[in-house]
Amino acid sequence: MGKCDGRCTLLVICSLQLVAALQRQVFDFLGYQWAPILANFLHIMAVILGMFGTVQFRFRYLIFYAVWLVLWVGWNSFIICFYLEVGNLSQDRDFLMTFNTSLHRSWWMEHGPGCLVTAVLDSRMAPDDHHVITVSGCLLDYQYIEVLSSAIQVLLALFGFVYACYVSKVFQDDEDSFDFIGGFDSYGYQPPQKSSHLQLQPLYT
């Protein structure tokens, strides 16, 4: 009972994924990053289904969870490439994260560790209801914080995928080998046969 099996390990991984996703969702809300907000919401739902499938021995839920983790790794890989500006990706196209509904960027851009934000007054570059700022003194630039967050998500997803496949395989094997205790096949049970004739015995008094 004290030994942690595959189900226990998978539940721990799902719990870590849930905490990391909720933490990320909060900061994405603060930065009005609508695309990551939607992706985080779907991820949270998939993790909850994975935990339910693990506890209730639901094979299909674990398969859905594993398939989603493949998509989740792809999404986080895209975010890593986006913030590192790999290939033709550029942070100047930040509207990809906000669905072109605002000019907001990552919350960590202004609130990173050690960052000093200075407003630029009377700037003609700022659209209506916006202001231009300069950020300096950051111990870690915001894009690297976003990359680190996505890398953690990828790492947890890889572990989750491996254990989801393992646990689902165990569930499937248990279903294939399961047999009812006292079942017909286990003990070669045969129902009693009806007699074709009735024997009469004399009754002595």
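Before reading further, recall that the structure is shown in the block above.
Reference entry: report on the structure contained in this document. (Residues numbered from 1 in each chain as written. Predicted model: local features only at pLDDT ≥ 70, side-chain atom pairs only at ≥ 80, totals over all residues. Heavy atoms only, no water.)

## Remarks on empty space enclosed by the protein
Let me state the cut-off plainly: Method remark: on a 1 Å grid restricted to protein atoms, a set of points is classed as a cavity if a 1.4 Å probe fits but cannot get out and as a pocket if it is open with protein on both sides within 12 Å along at least five of seven lines; lining residues have an atom within 4 Å of a point. Grid points are joined across faces, edges and corners, and a volume is the space filled by probe spheres set on the points. Note on conventions: DSSP H or I runs of at least 4 residues are helices, E runs of at least 2 residues are strands, and numbering of each starts at the N terminus. Any residue that is not Ala, Val, Leu, Ile, Met, Phe, Trp, Tyr, Cys, Pro, Asp, Glu, Lys or Arg is counted as polar, Gly included; the first ten are nonpolar and the last four charged.
All told, the structure shown has one cavity of 30 Å³ or more when counted by the stated rule. Approximately 50 Å³ is the volume attributed to the largest cavity. If you go around the largest cavity, the residues you meet are Arg24, Asp28, Gln33, Pro36, Ile79, Tyr83, Met97 and Glu146. When residues of the lining of the largest cavity are traced back to their parent elements, those giving at least two are α1 (6–30) and α3 (59–83). Its residues placed into classes, the lining of the largest cavity shows four nonpolar, one polar and three charged.

## Description of the state of the cysteines
Rules: Sulfur atoms of two cysteines make up a disulfide when they are within 2.5 Å.
As enumerated under the stated definition, the model contains one disulfide in all. Paired by a disulfide, Cys115 and Cys138 hold their sulfur atoms 1.9 Å apart. On the S-S bond that ties Cys115 to Cys138, the torsion sits near 125°, and the link is right-handed. Highlighted residues: Cys115 in the loop between α5 (108–111) and β1 (116–120) and Cys138 in the loop between β2 (132–136) and α6 (142–177), separated in sequence by 23 residues.

## Let's talk about the packing of α1 against helix α2 (residues 34–56)
So the rule is basically this: The axes are straight lines fitted to the C-alpha atoms, using for helices just the contacting stretch, and the angles between their N-to-C directions are given from 0 to 180°. Any angle that falls under 35 degrees is termed roughly parallel, while one over 145 is termed roughly antiparallel, one within 65 to 115 roughly perpendicular, and all others oblique. Crossings are classed by handedness, with left-handed meaning an anticlockwise turn of the near helix from the far one by less than a right angle and right-handed meaning a clockwise turn.
Where α1 contacts α2, the two axes come as close as 9 Å, and the packing angle between them is 160°. When the axes of α1 and α2 are compared, the pair comes out roughly antiparallel. Of the two possible hands of crossing, α1 and α2 adopt the one that is left-handed.

## Points about the packing of aromatic side chains
For the record, the criterion: Side-chain rings of Phe, Tyr and Trp (the six-membered ring for Trp) are treated as a pair once their centres are within 6.5 Å; stacked means planes under 30 degrees apart, edge-to-face means over 60, and tilted covers the remaining angles.
Throughout the structure, instances matching the rule amount to twelve aromatic pairs. Measuring from ring centre to ring centre gives 4.9 Å for Phe57 and Phe171, while their planes differ by 50°; the resulting arrangement is tilted. Taken together, the residues Phe57 in the loop between α2 and α3 and Phe171 in helix α6 connect sequence positions 114 residues apart. An aromatic cluster of at least three residues, connected via ring pairs, comprises Trp75, Phe78, Phe82, Tyr83 and Tyr142.

## What to know about α3
Rules: How far a helix is expected to stretch is found by multiplying one less than its residue total by 1.5 Å. The cut-offs for exposure are 20% and 50% of the maximum accessible area for each residue type, with area from a 1.4 Å probe on protein chains only; residues under the lower value are buried, those over the upper are exposed, and the others partly exposed.
Between its terminal C-alpha atoms α3 stretches 37 Å, which fits the 36 Å expected from 25 residues at 1.5 Å a residue. Restricting attention to buried positions, one finds in α3 the residues Leu62, Tyr65, Ala66, Trp68, Leu69, Trp72, Val73, Asn76, Ile79, Ile80, Phe82 and Tyr83. Phi turns positive, to about 55°, at Glu85, one or two residues after α3.

## Structural notes on the packing of α2 against α3
At a minimum axis distance of 8 Å, the contact between α2 and α3 shows a crossing angle of 150°. Regarding the angle of α2 to α3, the classification is roughly antiparallel. Of the two possible hands of crossing, α2 and α3 adopt the one that is left-handed. Each residue belonging to the contact of α2 with α3 can be placed in one class, and the counts come to 16 nonpolar, five polar and no charged.

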